[in-house]
Amino acid sequence: MANVVVVGAQWGDEGKGKIVDWLSERADVIARFQGGHNAGHTLVVDGEVYKLHALPSGVVRGGKLSVIGNGVVLDPWHLIKEIETIRAQGVSITPETLMIAENTPLILPFHGELDRARENQNSVAKIGTTGRGIGPCYEDKVGRRVIRVADLADAATLELRLDRALVHHDALRRGLGLEPIKRDEVLAQLREISAEILQYAAPVWKVLNEKRKAGKRILFEGAQGALLDIDFGTYPFVTSSNVIAGQAATGVGVGPGAIDFVLGIVKAYTTRVGEGPFPTELDDADGQRLGERGHEFGTTTGRKRRCGWFDACLVRQTCATSGVSGISLTKLDVLDGFETLKICVGYELDGKSLDYLPTAADEQARCTPVYEEIEGWSESTEGARSWADLPAQAIKYVRRIEELIECPVALVSTSPEREDTILVTDPFSD
Ligand code: GDP
Ligand code: IMO
Ligand code: MG
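Note that the coordinates shown come from a computational prediction; the quantities given were computed from them, not determined experimentally.

Draft legend 1. Summary view of the side chain of S66. Along the chain, S66 falls in strand β5 (residues 65–68). One polar contact links the side chain of S66 to the main-chain amide nitrogen of V59, over a distance of 3.4 Å. Leave out the neighbours within four places in its chain, and S66 touches I30, P56, G58, V59, T97, L98 and M99.

If you want it as structure tokens, here you go:
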């Protein structure tokens, strides 16, 4: 029985949601293992659009167990609203189909406030975050002062945990010119949602290990992308969690041996939201065209995504750090009609060739991409569901990417719709 991890292999928004939803037919459990509602995953099923942030993309299909793992940071008020929105679209969400790990850290209102206050303070600190409190909550987790789901069950523990957090946060807020936290208000807000959240709480590590023993298939759903990883991303312009495939195990409580196939989701060009280096970024008509054809606006913040050519050098690197077994190449249709396409095959730094993105920020800034040009195609690939539907030149582009990133293509996606997907290798049948 194969378990599959889905991870973003660029700067997020590669189309993970669509692919997780498509693959979920073959899975029994779909588990989020990091990130929070900074993620925005769009699914389109028979024309109906679902926008998911905190909920695993498996909920839409029904009849599957969706899991929010301990590696996630969870805003309970946001979750309640998201459940309502998705239920209103006709999706059933019950404690039988949704489970939240008891040891999941909670994002509280002051985490969002701190995130936004820092971002607004001065340009040196600006990361271009989603402002949803992700970073401050992960800081509190590592700082051992976060409130976790299980703490909601006991009034005395909850107060103790909150007071521990407040000592730290009130000191910090004084420095930023923010009012002290209204302790009783936060406690009341927490008490109000406790029962609703606790109905989904479970020892996820135990449930998943039992499922594995029973031969059930787990689909681990990553958020963000490897270049936003806290260790391997373009630091400090990253998110505050490990995003790469290794996190799937610690983010739910299974061993690394539980992972059989790592599917890297790769957009056929490159996008990025927020600040930070982006070697193949285009600020010309080609970049504009990619953004328009690809509808490159953030699902979470509505911000315009920066666009650029495909960077094979970066994806080869992220396939290595996540141990990618095969990729899903998405949004190939967006490239229809380009006369010529460029692929970055490496960088030049101070007159030397490089086959990876260096770690030092000043070096990253000085790297210039080395491009290879490839002829485009004029035919439409939109909605293609088999290789036979693809123009020869589009196949050449896909094959060249495989060669350059040193990793095979397992799936190709040709529209936002669930079924507009070409299956080359089934990740679950490995
Ligand atoms: P995620 O964060 O990785 O799940 O990706 P997002 O949902 O934020 O962004 C991907 C966008 O592209 C969504 O609007 C999808 O509906 C859309 N999309 C996914 N796959 C394809 C595809 O193959 N072609 C086109 N044109 N759009 C796609
Ligand atoms: P999905 O799952 C794209 C980016 C933000 C910012 C940086 C830090 O939809 O691919 P944060 O709020 O996490 O502290 O912001 O990370 N970012 C994303 N970019 N897709 C995402 O998620 C992202 N989640 C965070 O824009 O640059
Ligand atoms: Mg997204």
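Anyway, onward from the coordinates.
Draft legend 2. Inspection of the site of ligand 1 at higher detail. Surveying the vicinity of ligand 1 reveals 18 residues, the closest of which are K16, G17, G40, D333 and S413. G15 is positioned with one of its backbone polar atoms (N or O) 2.8 Å from an oxygen atom of ligand 1. Calculation on ligand 1 without its partners gives an accessible area of 580 Å², and the protein chains cover 92% of this total. Counting atoms within 2 Å of the grid points, the majority share of ligand 1 lands in the second largest pocket. Grouping the constituent residues of the shell around ligand 1 by class yields two nonpolar, nine polar and seven charged. The residue makeup of the shell around ligand 1 includes at least three contributed by each of domain 1 (4–104 + 199–258) and domain 3 (266–423).

Draft legend 3. Expanded view of the nonpolar core. Counting 57 residues, the largest nonpolar core has F310, I327, L332, L335, Y397 and I405 as the members making the most contacts within it. No other element matches the six residues that helix α12 (residues 392–405) contributes to this core. Excluding its chain neighbours within four sequence positions, the residues that come into contact with L335 are A268, Y269, L290, L341, W377 and Y397.

Draft legend 4. Region of the structure containing the coordination of the magnesium ion (ligand 3). The coordination sphere of the magnesium ion (ligand 3), as far as protein atoms go, consists of D13 (OD) and G40 (O), spread over 2.0 to 2.2 Å. On the criterion of sequence distance, the pair formed by D13 in the loop between β1 (4–8) and α1 (16–23) and G40 in the loop between β2 (29–32) and β3 (41–45) is long-range, its members being 27 residues apart. On the basis of relative accessibility, which here comes to 21%, the residue D13 falls in the partly exposed class. We classify G40 as buried; its relative accessible area is 13%.

Draft legend 5. Seen up close, the sheet that holds strand β6 (residues 98–101). Strand order in the open sheet formed by ten strands is β7-β6-β5-β2-β8-β1-β9-β13-β17-β18, and the pairing between neighbours is mixed. Either end of the sheet is taken by a strand with one partner, and the two such strands are β7 (201–202) and β18 (421–423). With five bridges connecting them, strand β9 (residues 261–267) and strand β13 (residues 326–330) associate as parallel partners. When the bridges of β13 are listed, V266 appears paired with L329. The sheet contacts of α12 involve β13 and β17 (409–413), and relative to β13 the element is tilted by about 140°.

Draft legend 6. Here's a closer look at helix α9 (residues 285–293). Along α9, the positions that sit buried rather than exposed are G287, L290 and G291. Viewed along the axis of α9, the buried residues span an arc of 95°, placing them on a single side of the element. Those residues of α9 that are exposed and angled more than 90 degrees off the buried face are A285 and E292. Considering only its buried residues, α9 is in contact with β11 (306–308). For α9, the side-chain oxygen to backbone nitrogen distance between the N-cap and D286 is 3.1 Å, and the N-cap itself is D284. Downstream of α9 by one or two residues, H295 has phi in the positive range, about 50°.

Draft legend 7. Representation of the pairing of strand β4 (residues 48–52) in the model. Looking at chain direction, β3 and β4 are connected through five bridges and run antiparallel. Within the sheet, the bridge partner assigned to T42 lies in β4 and is K51. Counted along the chain from β3 to the antiparallel partner β4, the turn is two residues long, and its residue D46 has a positive phi close to 50°.

Draft legend 8. A look at the pattern of salt bridges. Using the criterion set out here, one finds 23 salt bridges in the structure. Residues D163 and R183 are paired through a salt bridge, measuring 2.6 Å at the closest nitrogen-oxygen approach. Of this pair, D163 sits in helix α5 (residues 155–176) while R183 is found in helix α6 (residues 183–198), placing the two residues 20 residues apart along the sequence. Residues participating in the shared-partner salt-bridge network are D13, K267, E296, R305 and K331.

Draft legend 9. Looking closely at the domain arrangement of the protein chain. Assigned domains within the protein chain: domain 1 (4–104 + 199–258), domain 2 (109–197) and domain 3 (266–423). Between the C-alpha centres of domain 1 and domain 2 the distance comes to 23 Å. Every contact between the two is made by 29 residues of domain 1 and, on the other side, 20 residues of domain 2. Interface of domain 1 and domain 2: buried area, both sides summed, is about 2000 Å²; carbon and sulfur atoms make up 67% of it. Sorting the residues of domain 1 by area buried against domain 2 places V73, W77 and I80 first, and these three jointly supply 29% of that buried surface.

Draft legend 10. Structural context of the packing of aromatic side chains. Going through the model one piece at a time under the given rule, you end up with three aromatic pairs. Pairing W11 with F278 gives two aromatic rings, centres 5.2 Å apart and planes at 50°, and the pair type is tilted. Placement of the pair is W11 in the loop between β1 and α1 and F278 in the loop between β10 (270–272) and α9, with a sequence separation of 267 residues. For the residue pair W11 and F278, the accessibility class agrees, reading buried in each case. Considering the side-chain rings of W309 and F338, the 5.8 Å spacing of their centres and the 70° angle between planes classify their relative orientation as edge-to-face. On the criterion of sequence distance, the pair formed by W309 in the loop between β11 and β12 (310–311) and F338 in the loop between β13 and β14 (340–349) is long-range, its members being 29 residues apart. Overall, the relative accessible area of 4% leaves W309 in the buried class. Under the relative-accessibility criterion, F338 is labelled buried at 3%.

Cut-offs applied
- Residues numbered from 1 in each chain as written.
- Chains lettered and ligands numbered in written order.
- Predicted model: local features only at pLDDT ≥ 70, side-chain atom pairs only at ≥ 80, totals over all residues.
- Heavy atoms only, no water.
- Helix = DSSP H or I, 4+ residues; strand = E, 2+ residues; numbered from the N terminus.
- Polar contact = N/O pair within 3.5 Å; in protein donor to acceptor, adjacent residues only side chain to side chain.
- Contact = heavy atoms within 4.5 Å.
- Near = heavy atom within 4 Å.
- Areas by Shrake-Rupley, 256 points an atom, 1.4 Å probe, with all protein chains shown as cover.
- 1 Å grid on protein atoms, 1.4 Å probe; cavity = no way out; pocket = protein on both sides within 12 Å on 5 of 7 lines; lining within 4 Å.
- Sits in = over half its atoms within 2 Å of the grid points.
- Nonpolar A, V, L, I, M, F, W, Y, C, P; charged D, E, K, R; others polar.
- Domains from an automatic or database assignment.
- Core = buried A, V, L, I, M, F, W, Y, C linked by side-chain atoms within 4.5 Å.
- Buried < 20%, exposed > 50% of the residue type's maximum accessible area, 1.4 Å probe, protein only.
- Donors = N, O, S within 2.8 Å, 3.2 Å for Na, K, Ca; no water.
- Pairing = 2+ DSSP bridges.
- Axes fitted to C-alpha atoms, helices over the stretch in contact; angles between N-to-C directions.
- Arc of directions from axis to C-beta.
- Salt bridge = Lys/Arg side-chain N within 4 Å of Asp/Glu carboxyl O.
- Buried area = accessible area lost by both parts, 1.4 Å probe.
- Phe/Tyr/Trp six-rings, centres within 6.5 Å; stacked < 30°, edge-to-face > 60°.

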